[in-house]
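If you want the building blocks of each chain, they are given just below.
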Amino acid sequence: PRERGRRLGSEGRGDAMDELDGPLRAYRRRREPVCKVAVTGRRRRQEARESKIEAAGVAQDMVLDVAALLQARSGIAALVGLAENAMLRLKSTGAHIGPVAHRIAELVGGAAHKVGWTVHELFAKLLVPTLAAMRRPKSRAFGVVLAAGKVLWATENWPDLDQQRAEGVAEVVITHFFSGPDLTTGAWLVAHLRLEAYFVFEDLFTALRQNMQAFRIYCASAPAQMQRRMLHRLVECTEGLARNQRREILSIGADLITLCKLDREEFPMVARYKAINWMCYMVHKVPWWVAEDYAHGDTELLALCVDQLASVGRIEDSILLFRRHEQELVGRLPPAVLLRLQAAATPCESAAASTADRFAPRDPEASVALALPEGSVIWADTEEIIQEAVFAVRASPVVGVDLEWSALGDWLDCSLALLQVAVCDRVFLVDLAAPSPAVRDAVDALLRAILATPRPLVLCFAFRNDLRELARSPWAACCKELRGLCDLQMLGDEERAASGDADGFAGRGLAALVARTLGRPLCKAEQRSCWHRRPLRAAQLHYAALDAFVLLQVGAAIAGRPLADAETVAAALEQRLAAARSAA
């Protein structure tokens with residue numbers, strides 16, 4: 001650029017300097033938004049602190065005429081004036097109203113106590129009429145009074161046993177709060193003041209159905225019986241609707257069932273929607289044979305998988321799945337997809353062979369395989385075999401441990417399905433899916449032998465995730481005392497840092513660690529398998545056994561000792577672990 005500037009004169013010099021300064025300006029342009037975000041965040045936090053201080057100062061100076069509360073109109077006017085004046089004194093429009101609302105609640109509650117009002121009289125004579133009077137025109141003072149009412153509300157006080165008074169409150173709510181934007185306030189009042197008895201159910205449902213935010217507010221705090229009734233009625237409304245409308249309503253219903261902690265088995269239509277929705281997502285994330293497992297032979301879900309695979313261009317996978325269930329799927333698939341699949345050529349033999357179920361990784365030539373014969377993998381689903389695993393663990397200086405779990409998306413909670421325990425000559429696959437009481441006790445003894453003693457040294461990887469799932473299981477007590485854990489992820493991170501490859505997270509997984517230490521990657525095709533399937537496929541059995549046994553192999557490689565000499569492997573890893581902890 002300088003040479004060109006000399007040739008072209010002053011104009012050329014300008015162009016040359018532009019080229020030289022370009023990278024710096026580009027860096028500044030990239031940096032400027034980051035700096036602006038940081039400055040904006042600091043400014044907003046500072047403004048929030050200032051507004052809280054301002055609101056606290058306003059709240060401290062507030063007073064209320066107790067005598068004014070004795071008369072209906074003057075009491076409402078006094079409360080409205082108190083809230084409006086407080087809002088006028090707050091200079092910033094974004095000021096926090098929390099301190100002001102708490103101060104109003106304190107003043108109103110104290111005044112009501114002095115005049116001998118109960119909390120029911122306070123809401124019936126003052127708070128609800130005041131909110132009705134402040135609807136038009138509505139200002140921020142309305143929100144302050146509503147927030148004060150929420151502070152004064154307590155669940156043990158409701159419903160009001162005075163039927164006449166409660167009916168009067170219900171009339172005010174119906175008249176003033178069951179139309180337009182005030183419906184959310186009305187939903188809160190009906191739910192928290194327990195006014196359902198004064199509504200016709202269908203009228204209440206129809207009104208709340210107009211505003212799904214109000215529907216959520218009501219259902220979140222309504223009695224359990226009304227929650228179930230509302231949600232059953234909401235699901236009934238989806239019949240005959242267009243697909244998108246039906247999906248939207250069922251999604252809201254699923255969220256509310258989870259929020260209200262209702263029994264999901266009461267809502268099979270919502271459960272079906274969640275299963276279909278989750279399969280639409282999952283089929284693109286896993287191999288087709290894993291999606292087939294999750295379908296559990298359900299023809300509609302299998303047809304969905306075939307259709308989704310074909311729609312994204314995975315024709316070969318779609319054909320393989322279709323051929324396995326052709327008789328059941330012919331009448332289920334869209335005509336265009338069916339014609340496309342029937343006209344397509346049969347997948348080549350290599351594609352079919354690569355998906356065949358066998359006790360090996362999907363790509364045995366390029367991936368690490370289990371260094372034990374298939375007969376050394378023991379399925380443990382009885383008390384006697386699990387007791388054999390306990391003896392093997394206690395006799396071994398080092399063991400590899402892993403857990404597997406699965407669920408149908410976020411609708412069915414995750415639950416443990418499999419515990420893998422590897423010693424130097426065997427791998428135990430312990431069935432956790434549906435244990436009997438005797439098996440549950442045997443698993444408890446096995447977990448305590450693994451986790452609650454300093455020996456054997458337990459080799460694991462990113463075990464915090466396994467402990468999280470274990471803490472939700474019937475064996476949660478086994479997580480309380482953990483001893484003898486050696487997380488190979490930490491030792492692997494040390495090796496990466498020593499080799500200068502400590503940036504990023506791509507190399508932190510078990511597959512990358514196996515590739516660095518053993519020279520071949522770990523095949524993860526079965527990672528997201530349906531682990532609750534019984535019996536497990538041969539490829540699943542191989543993956544599960546390898547996931548635990550490969551930890552022993554990696555540990556031996558990190559220790560620089562042969563796995564056959566398990567005692568020296570354990571001692572070397574304990575030294576490495578102690579050094580890593582002292583350095584940390």
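Bear in mind that the values here come from a model prediction, so they are computed numbers and not experimental data.

Asks: Honestly, the overall build of the protein chain in this entry has me stumped. Any pointers?
Replies: Per the secondary structure count, the protein chain includes 26 helices and six strands. When the 584 residues of the protein chain are sorted by exposure, 45% land in the buried category. Considering only contacts in the protein chain between residues 6 or more positions apart, those separated by 24 or more positions represent 69%. For the protein chain, the accessible surface area stands at approximately 29,500 Å², while carbon and sulfur atoms represent 53% of it.

Asks: Explain the environment of L208 here, please?
Replies: Topologically, L208 is positioned in helix α9 (residues 201-209). For L208, the contacting residues outside a window of four places in its chain are F178, L183, A187, A214, F215, Y218 and M230.

Asks: Got a minute to help me understand the side chain of Q227 in this structure?
Replies: Considering the arrangement of structural elements, one finds Q227 in helix α11 (residues 224-236). Using a relative accessible area of 7% as the deciding quantity, one classes Q227 as buried. Polar side-chain contacts of Q227 include one of 3.2 Å to the backbone oxygen of A222. Residues within four places of Q227 in sequence aside, it is in contact with C219, A220, S221, A222, C260 and L262.

Asks: Help me understand unusual backbone geometry in this model?
Replies: Across the chain, the bulk of peptide bonds are trans and the bulk of non-glycine residues have phi less than zero. That bond from W158 to P159 is cis: its omega, 10°, falls within 30 degrees of zero. In this chain, R534 is followed by P535 through a cis amide linkage whose omega measures 0°. Residue placement: P535 occurs in the loop between α24 (510-518) and α25 (538-559). Positive phi values are uncommon outside glycine, yet H296 reaches one of about 55°. With respect to the helices and strands, the residue H296 is situated in the loop between α14 (288-295) and α15 (299-311). Residue class for H296 comes out exposed when judged on its relative accessible area of 53%.

Asks: Teacher, can you tell me more about helix α7 (residues 163-177) here?
Replies: End to end, α7 covers 20 Å across 15 residues, agreeing with the expected 21 Å (1.5 Å per residue, within 8%). Looking at α7, one finds that the buried residues are A166, V169, A170, V173 and F177. On an axial view of α7, the arc spanned by its buried residues comes to 100°, and they lie on one face. For α7, exposure combined with an orientation more than 90 degrees from the buried face picks out Q164, E171 and T175. On its buried face, α7 sits against α5 (119-133), α6 (140-152) and α8 (183-192). The N-cap residue of α7 is D162: its side-chain oxygen and the backbone nitrogen of Q164 are 3.2 Å apart.

Parameters and conventions
Residues numbered from 1 in each chain as written. Predicted model: local features only at pLDDT ≥ 70, side-chain atom pairs only at ≥ 80, totals over all residues. Heavy atoms only, no water. Helix = DSSP H or I, 4+ residues; strand = E, 2+ residues; numbered from the N terminus. Buried < 20%, exposed > 50% of the residue type's maximum accessible area, 1.4 Å probe, protein only. Contact = heavy atoms within 4.5 Å. Areas by Shrake-Rupley, 256 points an atom, 1.4 Å probe, with all protein chains shown as cover. Polar contact = N/O pair within 3.5 Å; in protein donor to acceptor, adjacent residues only side chain to side chain. Expected span 1.5 Å × (residues − 1). Arc of directions from axis to C-beta.

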